[in-house]
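If you want the building blocks of each chain, they are given just below.
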Amino acid sequence: MNQHVKNVTPEATDLSRRSFLVGTAATGLVLGYAGVPGIGEALAAAPANFEPSVWYAIAPDGLVTVTCGKADMGQHIASTMAQIVCEELGAKWSDMRVNLASNDPKFNDPVLGAQITGGSWSTMMNFDAMSRAGAAGRMALTEGAAASMGVPAGELTVRDSMIVHAKSKKQMSFADVVKSGKATKTFTADELKAIKLKTPDQYTMIGVSVPQIDIPSKTNGTAKYGMDVMIPGMAYGAVVTPPVRYGATVKSVDYSDAKKVPGFIKAVTLDDKTQTTTGWVVAVANTYANAKKAAAALKVSYDGGPNAKLSSQSLLDEAKRLQKLDDSGQFFVKDGDPAAALGTAAKVLEAEYTTSINIHAPMEPMNATAEFKGDILHIYSGNQFATRSGAIAAGAAGIDPKFVVMHQMWLGGGFGRRLDADMMVPAVQAAKAVGKPVKVIYTRENDMTMDFSRPLTYQKVKAGVDGDGKLVALSHDVVSAWPTQRWGIPDFLSPSVDKKGPLDAFTVNGSDFFYTVPNHNVRAIKNEMAHNATPSGQLRSVAPGWTFWAVESMIDEIAAATGKDPAQFRISLLDGAGKNDGGAQRLRNTLLAAMGLAGYGTKKLPKGEGMGVACVSSQERATASWTACVAHVAVAPSGEVTVKKLTVATDVGTQVHPDNIRAQVEGAALWGLSLAMYEKATLKDGGIEQTNFDGYRPLRMSQMPEVAVAVIANGEKATGVGEPAVTVVAPAIGNAIFNASGARVRALPITAEAVKGAMKA
Amino acid sequence: MPTLTINGRSMSVDAANDTPLLWAIREQLQMTGTKFGCGAGLCGACTVHVNGEAVRSCQTMVGDVAGKKITTIEGLSAKGDHPLQKAWIAEQVPQCGYCQSGQIMQAASLLAKNSNPTKEEVVAHMDGNLCRCMTYSRIQKAIMRAATEMRTASAAGNERRPT
């Protein structure tokens, strides 16, 4: 089980970390950053503002600005946070504004205790804190208004930024109360916890598809991304990266041609003590076009290092070797005795599943702008993990992390890529070397070949079925690079069941499913060779992107081997016994909803067409959004697969913004399709072979099938929606291909060749 | 120093003739709505109009567009109220939003010539523009919505026209 994310309840919310003191002047809340040039001005609101909590301020004009501590990469999380605050505060939606937080620890996630955005965690983990912040503000404003009006606070109602006393027909706007200076109530952490929040039947904002605050700026070119940062006097950096993904060193650099490039300032060979990069050089010039010319003119010779001969095949061979060893890896799940149960099973199935290296490739290539001002290093970049990235930037600069101020920008796509901070290293070292602010921009080629990719994975699954066709044992080995161990943060690792030391649960999450299987083990095996040669990252949904590919394919294989309908077989396994109580039933219901919407089993499909199902939870059992997919495909005799329709159902508990949920689920499902059918990266001679969108090909408009989405909101707590639909699609397609053609595919991405090869002659 | 006609204004840029138009627009003129995505004409994020045609500004050199009429997202409409921009908001198209300037400029060049496109024509015209958030279905809906608005406005204009 994953240890860093336990059941998320309001009680788990660490309110003691937060400053919710109503009426406290902003300048008093700047914590360790007080007195730091720049940050003070950036964070301190005008004294006349009413700042009920660190999360928002109300200006004398009545505008409410919510500061979002989460990276907004298109999931509209800033707008979502504003919506949750707005519900309890009683503000008018058109009065709401958003602001992106700096790395001041006061903006840390109330549950995670750091600034990190991922895991589809944000709404679930911040819902309570934002609700209480909003409610505290409403109460303070109400008391202030009551004092001004000379009426009991209990007789006032709040709606649309107006506080109304119905009896006397007196009313004050939020702006009036802020201007009066009478909103001064303070709350202790215990008082905040004691606030009675609205019940869902009282909601007027939650569940409404309000216009997203950030969208207009994304239709007229005014939204500012890291790429768009302009600082007076800044120079531009273009990086020269080695042909080997990781481990190369620079032997020598010949600057002679680069010096002839107009505007060239300097080339800097990185000295990266954070070991985020190896063998990089950054060329600095007055414009980016000149920096690129200079980078191209540099003649760099390398020592390729220990990984220079490795290929995808070497990584796969090594994975297979490791899996065969009895003492490899650590156990993530160990229920019952799978070895014994497999020994006595009536039928044993065994299969290998693989996934390729995959690249994030957000549309905005990696970039960062670094500026030294006095003792302070300012970093401007869209980033998902300010807490760690600030430390990497500090490491690159050789300074204490407390002197780094991270200025958050809108992210031109994240998908996990911007959890990393590699782009800050050349920016910082270039800025230091040339004594000017420097904006470093990766070319798409840099971005693709130096991605912290989704690792190549190899999984071996053995399943045992008894004489009645009941699944009695499942043994599952997962071999991969370990993306989260790479961070070097012990809190993000999980103890192994067999007490062989911590493991990276971000490689096996999802395999601890909600099916009842009495004998079940999961072994997490680190592929050290892959880990070193292809430093891996967290790609949208992380481990469930491969673990459910194996599990949900194998469940289908078992159903086929025992002559059962694959959907009904799943339903029988989702019996809610023991630890699966609650979750299993929700997943079963979601599967049924998807089946209903898709018309699964209700119509005879033409020859060569088929439907397949899959059902998944989220990254962790404790953060599940229950998600199921029915894929409808057509398979040609050539093996060519056409995905005709994807039907996805998801149980999110509570919908904050229904339209946004549909947008996220649809985008996630299409990501799943793209990874299942189109995206593949390969390693050769230690380097990633695909360098741009001609070699690495995410889904385009013409490849989009019909997508139907059903959202189940049953009043349980709100859960995340950015990821689960990514993971459910590939196995649903694989299972549909089997249903249509009898061909079982076990490698992602799925190719026509593999399908044809797997067809029965 | 080449002079460019951008969004109806004449501006000189301190850039060599072989500088991609994209970087001249972004850095010299500090109009950052036009985005860098791939540098190879494969993604469409940098799409602008040159004499009304959608082109990839990363593949267009400054020296080749002197004297031509260049339009960027900033110049598509006076107040961000081109029918496509309004439709993009109505359909809540953008997620991360990074590709959307390019998507809108690409779509605008289609609707300028054909205000009643079929779905197939939309897909064929838009297929070179990548959206990594996969907002494709909303992009299609927004284009159709804008096309309808443009046809309605044009019909209304025709009615008012004296015979």
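Residues numbered from 1 in each chain as written. Chains lettered and ligands numbered in written order. Predicted model: local features only at pLDDT ≥ 70, side-chain atom pairs only at ≥ 80, totals over all residues. Heavy atoms only, no water.

With an unreviewed UniProt entry as reference, chain B is termed (2Fe-2S)-binding protein, source organism Bradyrhizobium manausense.

Colleague: What am I meant to see in the interface of chain B and chain A here?
Modeller: Frequently, the measure chosen for interface size is the accessible area that the parts lose on association. Facing 46 residues of chain B, the contacting portion of chain A comprises 61 residues. Both faces combined, the contact of chain B with chain A buries some 4,300 Å², and carbon together with sulfur accounts for 59% of it. Ranking the residues of chain B by area buried against chain A places Gln95, Arg132 and Met134 of chain B at the top, with a combined share of 19%. Our count for the chain B to chain A interface comes out at 5 salt bridges. Between Arg26 of chain B and Asp228 of chain A there is a salt bridge, and its shortest N-O distance comes to 2.9 Å. (Contact = heavy atoms within 4.5 Å. Buried area = accessible area lost by both parts, 1.4 Å probe. Salt bridge = Lys/Arg side-chain N within 4 Å of Asp/Glu carboxyl O.)

Colleague: Can you walk me through the sheet that holds strand β2 (residues 9-12) of chain B in this structure?
Modeller: Where strands meet in a sheet, backbone hydrogen bonds hold them as pairs that are either parallel or antiparallel. All names here are of chain B. One open sheet accounts for 5 strands, arranged β2-β1-β5-β3-β4; its pairing is mixed. Only two strands of the sheet have a single neighbouring strand rather than two, namely β2 and β4 (53-56). Mean inter-strand twist for the sheet, computed between neighbouring axes without regard to direction, equals 40°. Strand direction decides the pairing type here: strand β3 (residues 47-50) and strand β5 (residues 69-71), joined by 2 bridges, are antiparallel. Looking at β5, one finds that Val50 is bridged to Ile70. (Pairing = 2+ DSSP bridges. Helix = DSSP H or I, 4+ residues; strand = E, 2+ residues; numbered from the N terminus. Axes fitted to C-alpha atoms, helices over the stretch in contact; angles between N-to-C directions.)

Colleague: Looking at this model, I keep getting lost on the pairing of strand β1 (residues 50-53) of chain A. Mind explaining?
Modeller: Looking along a regular strand, one sees the side chains alternate between the two faces of the sheet. For β1 of chain A and strand β2 (residues 56-58) of chain A, the ladder comprises 2 bridges, and the chain directions are antiparallel. By the bridge assignment, Phe50 of chain A is partnered in β2 of chain A with Ile58 of chain A.

Colleague: Can you help me understand the packing of aromatic side chains in this one?
Modeller: Describing an aromatic ring pair means giving the distance of the ring centres and the angle of the ring planes. For the structure on display, the rule yields 13 aromatic pairs over all chains. Ring geometry for Trp23 of chain B and Phe36 of chain B: centres 5.1 Å apart, planes at 55°, overall tilted. Here Trp23 of chain B, found in helix α1 (residues 21-28), pairs with Phe36 of chain B, found in the loop between α1 and β3; they are 13 residues apart in sequence, far enough to count as distant. Residue Trp23 of chain B is classed as buried on the basis of its relative accessible area, which comes to 5%. Assessed through its relative accessible area of 3%, Phe36 of chain B is described here as buried. An aromatic cluster is present here, built from Tyr288 of chain A together with Trp23 and Phe36 of chain B joined pairwise through their rings. Over the aromatic face of Phe187 of chain A sits the side chain of Lys185 of chain A, whose NZ or CZ is 4.9 Å from the ring centroid. The side chain of Arg621 of chain A reaches across the aromatic face of Phe514 of chain A, ending 4.0 Å from its centre. (Phe/Tyr/Trp six-rings, centres within 6.5 Å; stacked < 30°, edge-to-face > 60°. Buried < 20%, exposed > 50% of the residue type's maximum accessible area, 1.4 Å probe, protein only. Lys NZ or Arg CZ within 6 Å of the ring centre and 35° of its normal.)

Colleague: Could you clarify how one ought to interpret the pairing of β4 of chain B in this entry?
Modeller: All names here are of chain B. Sheet topology places β3 next to β4; 4 bridges connect them, and they run antiparallel. Within β4, the residue paired with Thr47 across the bridge is Arg56. The loop that links β3 with its antiparallel partner β4 comprises 2 residues; one of these, Asn51, has a positive phi angle of about 50°.

Colleague: Sorry, what's going on with unusual backbone geometry here?
Modeller: Negative phi characterises most residues that are not glycine, and trans characterises most peptide bonds. All names here are of chain A. Omega for the bond connecting Leu748 with Pro749 falls within 30 degrees of zero, at -5°, which places this linkage in the cis form. Here Pro749 is to be found in the loop between β30 (747-748) and α18 (752-758). In this model, Lys169 sits at a positive phi of 60°, which is unusual for a non-glycine residue. Positive phi outside glycine occurs at Lys499, with the angle close to 55°. Assignment of secondary structure puts Lys499 in the loop between β21 (494-495) and β22 (502-503).

Colleague: Would you mind going over the sheet that holds strand β10 (residues 264-269) of chain A with me for this structure?
Modeller: Residue and element names in this part refer to chain A. With mixed pairing, 7 strands are arranged side by side in an open sheet as β10-β11-β8-β18-β15-β16-β17. Both outer strands of the open sheet, β10 and β17 (404-408), are each paired with one neighbouring strand and no more. Neighbour to neighbour, the strand axes of the sheet diverge by 20° on average, direction disregarded. Across the sheet, helix α6 (residues 288-297) is in contact with β8 (235-240), β10, β11 (281-285) and β18 (438-441); its angle to β8 comes to roughly 30°.

Colleague: What should I look at first to understand the packing of helix α13 (residues 544-561) of chain A against helix α17 (residues 724-741) of chain A in this one?
Modeller: Packed helix pairs are characterised by how far apart their axes lie and by the angle those axes make with each other. Residue and element names in this part refer to chain A. The N-to-C vectors of α13 and α17 enclose an angle of 30°; their axes lie 8 Å apart at closest approach. By the angle between their directions, the pair α13 and α17 is classed as roughly parallel. In this structure, α13 meets α17 at a crossing whose hand is right-handed. Listed contacts from α17 to Pro544, Gly545, Phe548, Trp549, Glu552, Ser553, Asp556 and Ala560 of α13 are Thr727, Ala730, Pro731, Gly734, Asn735 and Phe738. Per-class residue counts for the contact of α13 with α17 are 7 nonpolar, 5 polar and 2 charged. (Parallel < 35°, antiparallel > 145°, perpendicular 65-115°, else oblique. Left-handed = near helix turned anticlockwise from the far one by under 90°. Nonpolar A, V, L, I, M, F, W, Y, C, P; charged D, E, K, R; others polar.)

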